[in-house]
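# Descriptive structure summary
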Amino acid sequence: QVQLVESGGGLVQPGGSLTLSCVASRISSVYVMGWYRQAPGKQRELVATITSGGRANYEDSVKARFTISRDNAKDTVYLLMNKLKPEDTAVYYCNADHPFNTRLTFWGQGTQVTVSS
């Protein structure tokens, strides 16, 4: 059974940094890994994705502030978040998508990130 377990969320002041981690169990490195977020009252939205080869894609509002990376040997994907803003406050979810089979998609349980002074 595939499992995605996030960690690293918490409370941070505006302008601060956090690094989220997602450990994937029983999943091939071929999967595209991603981070999504959902703020209260809003739909879940894409933050960033990264292919097995390391090609990254970012939502416009986080470009130049967030960096997604992955360590295939450790089955782990990271999201380094710098210059955090209050509007980054949300539950952040790890996602795994098979590149050729849309039925194979998995989600973690989410980790809360709160940006507030």
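See above for the structure.
Anyway, here's the lowdown on the structure attached to this text.

With that out of the way, let us pick up the packing of aromatic side chains. Scanning the model with the defined rule gives 2 aromatic pairs in all. Judged by centre distance (6.1 Å) and plane angle (50°), the ring pair of Tyr31 and Phe106 falls under tilted. Note that Tyr31 is positioned in the loop between strand S3 (18–25) and strand S4 (32–38) and Phe106 in strand S10 (residues 105–107), a separation of 75 residues in sequence. Between Tyr36 and Trp107 the ring centres are 5.0 Å apart and the planes differ by 70°, which places this aromatic pair in the edge-to-face class. Residue Tyr36 is found in strand S4, and its partner Trp107 is found in strand S10; the two are separated by 71 residues along the sequence. Classification of Tyr36 by relative accessible area gives buried; the value is 18%. The exposure class of Trp107 is partly exposed, given its relative accessible area of 39%. Here Arg44 stacks its cationic end above the ring of Tyr93, 3.7 Å away from the centre of that ring. The ring centre of Trp107 lies 4.6 Å from the NZ or CZ of Arg44, which sits over that ring.

Cut-offs applied
Residues numbered from 1 in each chain as written. Predicted model: local features only at pLDDT ≥ 70, side-chain atom pairs only at ≥ 80, totals over all residues. Heavy atoms only, no water. Phe/Tyr/Trp six-rings, centres within 6.5 Å; stacked < 30°, edge-to-face > 60°. Helix = DSSP H or I, 4+ residues; strand = E, 2+ residues; numbered from the N terminus. Buried < 20%, exposed > 50% of the residue type's maximum accessible area, 1.4 Å probe, protein only. Lys NZ or Arg CZ within 6 Å of the ring centre and 35° of its normal.

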